[in-house]
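Structural overview
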Amino acid sequence: MKKVLAVLLAGSMAAALAACGSSKSTDSAAQSSAAQTSTTEATGASTEAGGAATEAAAAATEAAAQQTDLSGSKYLSDGVMTVALNSTFPPFEYLGDGSDDFSAITSNPTQVTGFDVALVNEIGTRLGVKVEIEDMDFDGIIAAIGTKADVAATGMTINDERKKSVNFSDPYYDATQAVLLTKDSSIATEDDLKKASSIGVQQGTTGDNIARGINDAATVSVKSFNQAVADLMNGKNDAVIVDQSTGEAFLSQNPDKLKLLPGSQFKFDTEQYGIAMPKDDDVMLGAVNGALEAIKADGTYDTLVEKYINNYEAQ
Ligand code: GLN
């Protein structure tokens, strides 16, 4: 782990130095250009400079990828990172046409796509490993880590119970559970949920735990969020407890029939998502956290949030 961290640090220092060097030379190029001639030329020079800085950053990323030593990783030393997820969790993972077109969830369900898929692909690129996706039931994912899959990236909330079985990366997204209802529903408080006759959840999720805590007898756990939401639409469920962003995604497909109430209205706690990994691979933990840090630092993270998570909100 020490070795990997050192290598990653060296990589990011090289990136910082490269960026520094090129922006300095750029500045002076722009300045002398501006001094000598017109503003137009100066603008041209700073555009070129921006290009050089981008190239330098790309080269540094590549160098870091080449230098990340995964030979001590029990699971990644084979050059492949198998990623478990459940593809009924838009906008983090859903079946679409492979683009960021959110309407593709229903129009062309051929490929798993979404924020987590893009994120693990970025991590894979930076670590120099091939990424393979394994779509499975959510409630089987923890058990699959270290056996059928090397990691899980599926909007998984970090909690103490799961930490007994897996390592988590540093948090990468803040979330809360919310309550998805049909538009005409009168449910608005925790007390109302106590009186509900059927609360739909995806089995094994934090929403499942919350529902059981409020009204165990009414909790109906199903294998997928798609199923829970379909049951809500056809009147089998009174409510679905689901992560806020995922609730918004389902809402965006049926805005005339559904509404989403925030978890704060039901006193739900905040949660954070992490990438889950086997407990017996500290090299992997260090490498994944290093890649995540770099992805956040260079703006890639924000680009992905904009592309996948904020994408449908604007529609
Ligand atoms: N964040 C929730 C959990 O960890 C739901 C995740 C999911 O269904 N993919 O349980």
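For the structure itself, look to the data block above.
Because the structure is predicted, anything quoted here is derived from the model rather than measured. (Residues numbered from 1 in each chain as written. Predicted model: local features only at pLDDT ≥ 70, side-chain atom pairs only at ≥ 80, totals over all residues. Heavy atoms only, no water.)

Points about the overall build of the protein chain
Across its full length, the protein chain carries 12 helices and 14 strands. Taken over 315 residues, the protein chain has a buried fraction of 48%. Restricting the contact set of the protein chain to residue pairs at least 6 apart, pairs at least 24 apart contribute 71%. When the accessible surface of the protein chain is totalled, it reaches about 14500 Å², and 52% of it is carbon and sulfur. (Helix = DSSP H or I, 4+ residues; strand = E, 2+ residues; numbered from the N terminus. Buried < 20%, exposed > 50% of the residue type's maximum accessible area, 1.4 Å probe, protein only. Contact = heavy atoms within 4.5 Å. Areas by Shrake-Rupley, 256 points an atom, 1.4 Å probe, with all protein chains shown as cover.)

Remarks on the environment of Phe-168
With respect to the helices, strands and loops of the structure, Phe-168 is situated in strand β7 (residues 166–168). Using a relative accessible area of 11% as the deciding quantity, one classes Phe-168 as buried. Sequence-wise, Phe-168 and Ile-158 are 10 residues apart; in three dimensions their C-alpha atoms are separated by 6.8 Å. When residues no more than four places from it in sequence are discounted, the contact partners of Phe-168 are Met-156, Thr-157, Ile-158, Asn-159, Arg-162, Lys-163, Gly-274, Ile-275, Ala-276, Met-277 and Leu-285.

Here we look at the packing of aromatic side chains
For the structure shown, the criterion picks out 12 aromatic pairs. Among the aromatic residues, those joined into a ring-pair cluster are Phe-89, Phe-92, Phe-115, Tyr-172, Tyr-173, Phe-225, Tyr-273 and Tyr-301. (Phe/Tyr/Trp six-rings, centres within 6.5 Å; stacked < 30°, edge-to-face > 60°.)

Side note on the side chain of Thr-205
Within the fold, Thr-205 resides in the loop between β9 (199–202) and α8 (206–215). Judged by its relative accessible area of 5%, Thr-205 falls in the buried class. With residues near it in sequence (within four places) discarded, Thr-205 still touches Phe-138, Arg-162 and Phe-225.

Brief notes about the sheet that holds strand β4 (residues 111–113)
Think of a sheet as strands paired side by side through backbone hydrogen bonds, with each pair either parallel or antiparallel. Judged by pairing direction, the sheet is antiparallel, and its three strands sit side by side in the order β2-β3-β4 without closing on themselves. Each edge of the open sheet is held by one strand with a lone partner, namely β2 (88–89) and β4. Taken together, the two bridges between β2 and strand β3 (residues 93–96) define a ladder with antiparallel strand orientation. Among the inter-strand pairings, Phe-89 is bridged to a residue of β3, identified as Glu-93. (Pairing = 2+ DSSP bridges.)

A short note on empty space enclosed by the protein
A full pass over the atoms with the stated rule returns one cavity of 30 Å³ or more. By volume, the largest cavity is sized at about 90 Å³. Looking at the lining of the largest cavity residue by residue, the classes come out as four nonpolar, eight polar and two charged. (1 Å grid on protein atoms, 1.4 Å probe; cavity = no way out; pocket = protein on both sides within 12 Å on 5 of 7 lines; lining within 4 Å. Points joined across faces, edges and corners; volume = space filled by probe spheres on them. Nonpolar A, V, L, I, M, F, W, Y, C, P; charged D, E, K, R; others polar.)

Focus on the pattern of salt bridges
If you walk through the whole model with that rule in mind, you get 14 salt bridges. We note a salt bridge from Glu-190 to Lys-194, for which the minimum N-O separation is 4.0 Å. Of this pair, Glu-190 and Lys-194 both sit in helix α7 (residues 190–195), four residues apart, roughly one helical turn. According to the relative accessible area criterion, Lys-194 is partly exposed, its value standing at 45%. Notably, a salt bridge pairs Lys-236 with Asp-231, separated by 3.9 Å at the nearest N-O pair. On the basis of relative accessible area, Lys-236 is assigned to the exposed category, the value being 57%. (Salt bridge = Lys/Arg side-chain N within 4 Å of Asp/Glu carboxyl O.)

Things to note about helix α11 (residues 282–297)
The end-to-end C-alpha distance of α11 is 22 Å, a good match for the 22 Å that 16 residues give at a rise of 1.5 Å each. Listed as buried for α11 are Val-283, Met-284, Leu-285, Gly-286, Ala-287, Val-288, Asn-289, Gly-290, Ala-291, Leu-292 and Ile-295. Between a side-chain oxygen at the N-terminus of α11 and the backbone nitrogen of Val-283 the separation is 3.4 Å; the capping residue is Asp-281. (Expected span 1.5 Å × (residues − 1). Polar contact = N/O pair within 3.5 Å; in protein donor to acceptor, adjacent residues only side chain to side chain.)

Thoughts on the nonpolar core
For soluble globular proteins, the rule of thumb is that nonpolar side chains tend to be buried together. The biggest cluster of nonpolar side chains holds 49 residues, and the ones touching the most others in it are Met-81, Phe-115, Leu-119, Ile-123, Leu-127, Leu-180 and Ile-275. Put simply, the parts of the chain that give this core at least two residues each are β1 (80–85), α4 (115–127), β8 (173–182), α9 (225–233), β11 (239–243), β12 (258–261), α11 and α12 (300–309). Ranked by residue count, the leading element in this core is α11, at eight residues. Ignoring anything within four residues of it in the chain, the contact list for Phe-115 reads Pro-91, Phe-92, Tyr-172, Tyr-301, Leu-304, Val-305, Tyr-308 and Ile-309. One finds Leu-193, Ile-214, Ile-241 and Phe-266 within the second-largest nonpolar core, a separate group that totals 16 residues. (Core = buried A, V, L, I, M, F, W, Y, C linked by side-chain atoms within 4.5 Å.)

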